[in-house]
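Close look at the chain arrangement
In case you want the letters, here they are:
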Amino acid sequence: VSITILSIVFTLIIIIAYTSALNQLIRQRQISEIKNDFINNMTHEFKTPIATINLALDAIRNPKIIDDKEKVFRYLQMIKDENKRMHAQVENVLRISKLEKRELDIIKESHNIHEIINDAIEHVNLILEDRQGTIVNHFSALRNTVLINDVHFTNVIVNILENAVKYSPNIPEIEIFTENIKDMIIIKIKDKGLGMSKIAQKRVFEKFYREHTGDIHNVKGHGLGLAYVKRIVDDHNGQVYVESEKGKGSTFIIKLPLIN
Ligand code: ADP
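Heads up: these notes are all about the structure in this document. (Residues numbered from 1 in each chain as written. Predicted model: local features only at pLDDT ≥ 70, side-chain atom pairs only at ≥ 80, totals over all residues. Heavy atoms only, no water.)

Let's talk about the overall build of the protein
The line we're drawing: Strands are runs of DSSP state E lasting at least two residues, helices are runs of H or I lasting at least four, and both sets are numbered from the N terminus onward. Each residue is assigned to one of three classes by its accessible area relative to the maximum for its type, calculated with a 1.4 Å probe on protein chains only: buried under 20%, partly exposed between the two thresholds, exposed over 50%. In what follows, a contact means two residues having at least one pair of non-hydrogen atoms within 4.5 Å. Using the Shrake-Rupley algorithm and a 1.4 Å probe, accessible areas are obtained, with residue cover drawn only from the displayed protein chains.
Broken down by element type, the protein carries eight helices and seven strands. Across the 260 residues in the protein, those meeting the buried criterion constitute 37%. Restricting to contacts in the protein with at least 6 residues of sequence separation, those with at least 24 account for 71%. Of the accessible surface of the protein, which amounts to about 16500 Å², a share of 57% is contributed by carbon and sulfur atoms.

Here it is as structure tokens:
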């Protein structure tokens, strides 16, 4: 009997060891795939601005153009814009890694959340106009004072709004709702874009996660925006999640505690 028990225990140990090794291997593969994706995206995003800057510099150095002030100015502006884009991308990556090391000071003060949302809308107005999109506010929350860091929280709303524009293949139609439930304020940001799968809804807040579908691959990004969003909302004792249906659109929901 004892030999049978021993052999069962032994087999069990082998099975457990084997599955845990297998799990680790799968996890490692996932991480390395995510890293590869990230590097590919980053490289791709830097390639275009670098090439554009090179072309603009070559054009300026052309003796026929150098005396044409208007053209030189246009090329210089091009260089400045591309430089700004690269700077913004590097900032994004740095911001999240600083957050992870807890190097960012998150000082909170009381703010009217509706004002923060309106500020965020100002930030995305240009990209919205570029796509002829609209944002309609339905601010129904009567109590709206929250303890937040205005800069980070504006970034949170901007990130969600930018995504709503980015992931809308047609004209972006965005609606923002607020309401009070008990001692919370609920903010809902709704788009009629691509929507996402059930798996994606669970995973979009993970670092470097991007949904692998043909359509979305055409949209640039690093999968960091929503990881940042979650990190900041968590830090404010809030909750963030997404409800979505593929092909119909997504609604990002943020719940924050009120202070009055
Ligand atoms: P990025 O946009 O840089 O890829 P994010 O962290 O902001 O990174 O978003 C992660 C992923 O979540 C996106 O790649 C996309 O697949 C999905 N996603 C985010 N917002 C939306 C949205 N409004 N509609 C559809 N999919 C979205």
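Moving on, there is more to tell.
Focus: a negative patch on the surface
Quick note on the threshold: Residues qualify for a patch when their relative accessible area is over 30% and they have no salt bridge, like charges being joined within 9 Å and the nonpolar side chains of Val, Leu, Ile, Met, Phe, Trp and Tyr within 5 Å. By definition here, a salt bridge exists when the distance from a side-chain nitrogen of Lys or Arg to a carboxyl oxygen of Asp or Glu is within 4 Å. Residues scored as positive are Lys and Arg, those scored as negative are Asp and Glu, and His as well as the terminal groups of each chain are ignored. The atoms used to mark charge sites are NZ of Lys, CZ of Arg, CG of Asp and CD of Glu.
On the surface, a cluster of negative charge is contributed by Glu109, Glu115, Asp119, Glu122 and Asp150. When residues of the negative patch are assigned to their parent elements, the largest contribution, three residues, is made by helix α4 (residues 113–130). Tracing the backbone through its elements, the reader meets Asp119 in helix α4.

So, the site of the ligand
Counted only if it meets this: By convention in this text, a residue qualifies as near a molecule or strand provided that one of its non-hydrogen atoms is within 4 Å of it. Under the rule applied, a polar contact is a pair of N or O atoms within 3.5 Å (in protein, one hydrogen donor and one hydrogen acceptor; residues adjacent in sequence only if both atoms are side-chain atoms).
Around the ligand there are 20 residues in total, and Asn163, Tyr167, Asp191, Arg210 and Leu226 lie nearest to it. In the model, an oxygen atom of the ligand is placed 2.8 Å from a nitrogen or oxygen of the Asn163 side chain. One of the side-chain N or O atoms of Lys166 is found 2.9 Å from an oxygen atom in the ligand. Considering the ligand on its own, with 530 Å² of exposed area, one finds that the protein chains cover 97% of that surface.

Regarding the pairing of strand β3 (residues 145–148)
Where we set the bar: Only strands that DSSP links by at least two bridges are regarded as paired with each other.
Alternating residues of β3 divide into Val146 and Ile148, all buried, and Thr145 and Leu147, none buried. Examined bridge by bridge, strand β1 (residues 109–112) and β3 share four bridges and lie antiparallel to one another. The residue of β3 that forms the bridge with Glu109 is Ile148.

Considerations on the sheet that holds strand β4 (residues 173–181)
The following threshold applies: In this description, a line fitted to the C-alpha atoms serves as the axis of each element, helices being fitted only across the stretch in contact, and the angle between N-to-C directions of two axes falls anywhere from 0 to 180 degrees.
Read from one edge of the open sheet, five strands run β2-β4-β5-β7-β6, paired in mixed fashion. Whereas interior strands pair on both sides, the edge strands pair on one side only; in this sheet they are β2 (134–139) and β6 (239–245). Taken pair by pair, the neighbouring strands of this sheet meet at an average axis angle of 15°, ignoring direction. Helix-sheet contacts for helix α5 (residues 150–166) involve β2, β4, β5 (184–191) and β7 (249–257), and the interaxial angle to β7 is about 170°.

Concerning the side chain of His114
With respect to the secondary-structure elements, His114 resides in helix α4. The class of His114 is buried, set by a relative accessible area of 10%. Aside from chain neighbours lying at most four places away, what touches His114 is Phe139, Ala141, Asn144 and Thr178.

With respect to the pattern of salt bridges
Think of it this way: side chains of opposite charge can pair up when their charged atoms draw near. In total, this model carries nine salt bridges according to the counting rule given. Linking Arg61 and Asp58 is a salt bridge whose minimum nitrogen-to-oxygen distance equals 3.7 Å. Of the two residues, Arg61 and Asp58 are both situated in helix α1 (residues 2–61); the distance of three residues between them amounts to about one turn of the helix. Judged by its relative accessible area of 46%, Asp58 falls in the partly exposed class. A salt bridge links Arg143 to Asp183, with the shortest nitrogen-to-oxygen separation between them at 3.5 Å. Residue Arg143 is found in the loop between β2 and β3, and its partner Asp183 is found in the loop between β4 and β5; the two are separated by 40 residues along the sequence. Residue classification places Arg143 among the partly exposed residues on the basis of a relative accessible area of 31%. Classification of Asp183 by relative accessible area gives exposed; the value is 53%. Taken together, the shared-partner salt bridges connect Lys108, Arg231 and Asp235 into one network.

Examining a nonpolar patch on the surface
Residues Tyr18, Leu22, Leu25 and Ile26 make up a contiguous nonpolar surface patch of about 420 Å² in total accessible area. When its relative accessible area of 40% is taken as the criterion, Leu22 is described as partly exposed.

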